[in-house]
Each structure stands twice: as structure tokens, then as C-alpha cells.
Amino acid sequence: MSVTTSQPAVDQEFVSATLIFAVPAARVFAVLADPTTHSAIDGTGWVQQSVDRTPLTEVGQLFRMDMHHGNHPDGDYQVVNKVQVFDAPRTIGWLTGYDKGNGDLEFGGWIWRYDLAPLGPAQTAVTLTYDWSAVPQHIREYIQFPPFGPEHLTNSLQHLAELATPRP
């Protein structure tokens, strides 16, 4: 397994990491398209469980996650994710937001994106990118970006590799 992680430069508004998986891209993509696996993939421990269990299949699809973060005003909270890119088995990504309580959704402007590049029939380079370039200033006033260390991306990719690798 080889890992490369980019550290955001001062003017850069994204961070990414890449890991080589010893499994086909379609297998990795299937794990990512299953919201019930996201708590096991998460490298921070913030994702608790998927509320929606339907596999991701298209742009615009919404899926909710129960979360916990010690610095969140409520501790436990729920996010709504909206699929922004879906190109099986190469790319999947989503915006994260929340339900304002009246059914209206608001998205913060950050996106999680996985790009899968087949390196052969049983090997895939997986790049995880966290991009906060579209976050409005009023949100940046109370959330520091990125809100986690760079090891989060590497941890997430390692967890994903474990889930995607078939067990004997």
C-alpha cells in the first residue's frame, strides 16, 4: 500500500490523499456507493451511522448521516449529503449540509470526492479530496478549514481499502 497526501498551501482550498488498492475499481466504487459503509470508512470517528440505506445511484440523490463531534453545539447532529458527481466506477462525490428544520436544506460548500483510476484488472489508485473552495465567508467565520488534520484522509482511505478487500 502506498499513500500520498497533499498538505493545503496557504492559498489552496482543498486537501487530498491517494492510496493504491489491490482490488478492482468497481469493488471500491460499490463500497463508496453504499451509505451504510461510511461510518466504517470515516477516519475521524464523527460519522456514527447512515440514516438512509439505499445505495447511491445518481447525481442529486440525498442521503443522511448521524454524526457526533465534541465541538458541535449539540454534540450529536445529522447531516444531509447531496450527490454532486456520479460516474461509476470512476468518480463519486457529495456536498454536505443540513436540514434547517423546516424541510429546507442548506449546504455548506464543501465536497467530498473520490476519484478511482484503474491501474490494471485488480489494482486501483483512489484519491480522496476534501474541497472547501465554495464555502461562504459567513460559515468560514465559525468553522476552520479543513476541520481535521491531514491524517483523516489517509485513515479514511486505509479503512476503505480494508472494506473493499475481499476476505478469504
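Quick notes on the rules
Residues numbered from 1 in each chain as written. Predicted model: local features only at pLDDT ≥ 70, side-chain atom pairs only at ≥ 80, totals over all residues. Heavy atoms only, no water. Helix = DSSP H or I, 4+ residues; strand = E, 2+ residues; numbered from the N terminus. Buried < 20%, exposed > 50% of the residue type's maximum accessible area, 1.4 Å probe, protein only. Contact = heavy atoms within 4.5 Å. Areas by Shrake-Rupley, 256 points an atom, 1.4 Å probe, with all protein chains shown as cover. Core = buried A, V, L, I, M, F, W, Y, C linked by side-chain atoms within 4.5 Å. Salt bridge = Lys/Arg side-chain N within 4 Å of Asp/Glu carboxyl O. pLDDT = per-residue confidence, 0-100. Pairing = 2+ DSSP bridges. Axes fitted to C-alpha atoms, helices over the stretch in contact; angles between N-to-C directions. Parallel < 35°, antiparallel > 145°, perpendicular 65-115°, else oblique. Left-handed = near helix turned anticlockwise from the far one by under 90°.

**Student:** I tried to follow the overall build of the protein on my own but got confused; where do I start?
**Tutor:** Along its length, the protein carries four helices and eight strands. Going residue by residue from the N terminus, the α and β elements of the protein occur as β-β-α-α-β-β-β-β-β-β-α-α. Counting all 168 residues of the protein, 40% fall into the buried class. Counted over contacts in the protein with a minimum sequence separation of 6, partners at least 24 positions apart contribute 48%. Carbon together with sulfur atoms contributes 51% to the accessible area of the protein, which is approximately 8,700 Å² in total.

**Student:** I'm lost on the nonpolar core in this one. Help?
**Tutor:** What tends to happen in soluble globular proteins is that the nonpolar side chains get buried as a cluster. Formed by 38 residues in total, the largest nonpolar core has its most connected members in Phe21, Val28, Tyr114, Tyr130, Leu157 and Leu160. Those elements that place two or more of their residues in this core are strand E2 (14–21), helix H1 (25–32), strand E4 (62–68), strand E5 (76–87), strand E6 (91–99), strand E7 (105–120), strand E8 (123–131) and helix H4 (151–164). With residues near it in sequence (within four places) discarded, Tyr114 still touches Leu32, Ile41, Arg90, Thr91, Ile92, Trp94, Val126, Thr127, Leu128, Leu157 and Leu160.

**Student:** Help me out: how do you make sense of the pattern of salt bridges in this one?
**Tutor:** Working definition: two side chains of opposite charge can pair if their charged atoms are close together. Within this structure, the stated rule accounts for four salt bridges. As a salt-bridge pair, Arg64 and Asp99 come within 3.8 Å of each other at their nearest N and O atoms. Taken together, the positions of Arg64 in strand E4 and Asp99 in strand E6 put the pair 35 residues apart, joining distant regions of the chain. Overall, the relative accessible area of 29% leaves Asp99 in the partly exposed class. For Lys100, the salt bridge is made with Glu106, and the minimal N-O distance between the two is 3.7 Å.

**Student:** So what exactly am I meant to see when it comes to the confidence of the model for the protein here?
**Tutor:** Fine structural detail should not be taken from predicted coordinates in areas where pLDDT scores are low. Residues of the protein with pLDDT of at least 70 account for 87%, and the chain-wide mean is 85. Mean pLDDT across the secondary structure elements of the protein bottoms out at strand E1 (residues 3–5), with 48, and peaks at H1, with 96.

**Student:** Got a minute to help me understand the pairing of E7 in this structure?
**Tutor:** On a regular strand, one side chain projects to one face of the sheet and the next to the other, so that they alternate. Taken together, the eight bridges between E6 and E7 define a ladder with antiparallel strand orientation. The partner of Trp94 across the bridge, within E7, is Trp112.

**Student:** Help me out: how do you make sense of the packing of H1 against H4 in this one?
**Tutor:** The relative placement of two packed helices is expressed as an angle between their axes plus a distance between the axes. The contact between H1 and H4 brings their axes to 9 Å, and the two run at 110°. Between H1 and H4, the interaxial angle falls into the category roughly perpendicular. In terms of crossing hand, the pair formed by H1 and H4 is right-handed. Contact residues: H1 offers Arg27, Val28, Val31 and Leu32, while H4 offers Leu160, Leu163 and Ala164.

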